[in-house]
Amino acid sequence: MDFQIREAISNNLKGNSATDIRNVVEDAVQRGEEHLLPGLGVIFEKWWKMADDTKRNTVLNEIATAFK
């Protein structure tokens, strides 16, 4: 992924409320368009960097369950 995409998405989401970000995620998931996947990846990456191991493990277990 190009760093410019990370920067653009980060700038677009900076200062948004949890509700605003939820709406972005839900819209991307609902639309199901492939070009929106990098944006979701940037959101996940930002979260991953700030999460502790307990939170990461919880999410990883939920993701593993979703792919069963």
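Computed from a prediction, not measured in an experiment: that's the story for all the values here.

Caption draft 1: Main features of the packing of aromatic side chains. Going through the model one piece at a time under the given rule, you end up with three aromatic pairs. Here phenylalanine 44 and tryptophan 48 contribute two aromatic rings whose centre-to-centre distance is 5.8 Å and whose plane-to-plane angle is 35 degrees, an arrangement assigned as tilted. Here the residue phenylalanine 44 and the residue tryptophan 48 both occupy positions in helix H3 (residues 37-50), the gap between them amounting to four residues, near one helical turn. Judged by its relative accessible area of 27%, tryptophan 48 is partly exposed.

Caption draft 2: Layout of the confidence of the model for the protein chain. Of all residues in the protein chain, 96% attain a pLDDT of 70 or more, and the chain-wide mean is 94. Mean pLDDT in the protein chain bottoms out at helix H1 (residues 3-13), which sits at 91, and peaks at helix H4 (residues 53-66), which reaches 98.

So, how was this worked out
- Residues numbered from 1 in each chain as written.
- Predicted model: local features only at pLDDT ≥ 70, side-chain atom pairs only at ≥ 80, totals over all residues.
- Heavy atoms only, no water.
- Phe/Tyr/Trp six-rings, centres within 6.5 Å; stacked < 30°, edge-to-face > 60°.
- Helix = DSSP H or I, 4+ residues; strand = E, 2+ residues; numbered from the N terminus.
- Buried < 20%, exposed > 50% of the residue type's maximum accessible area, 1.4 Å probe, protein only.
- pLDDT = per-residue confidence, 0-100.

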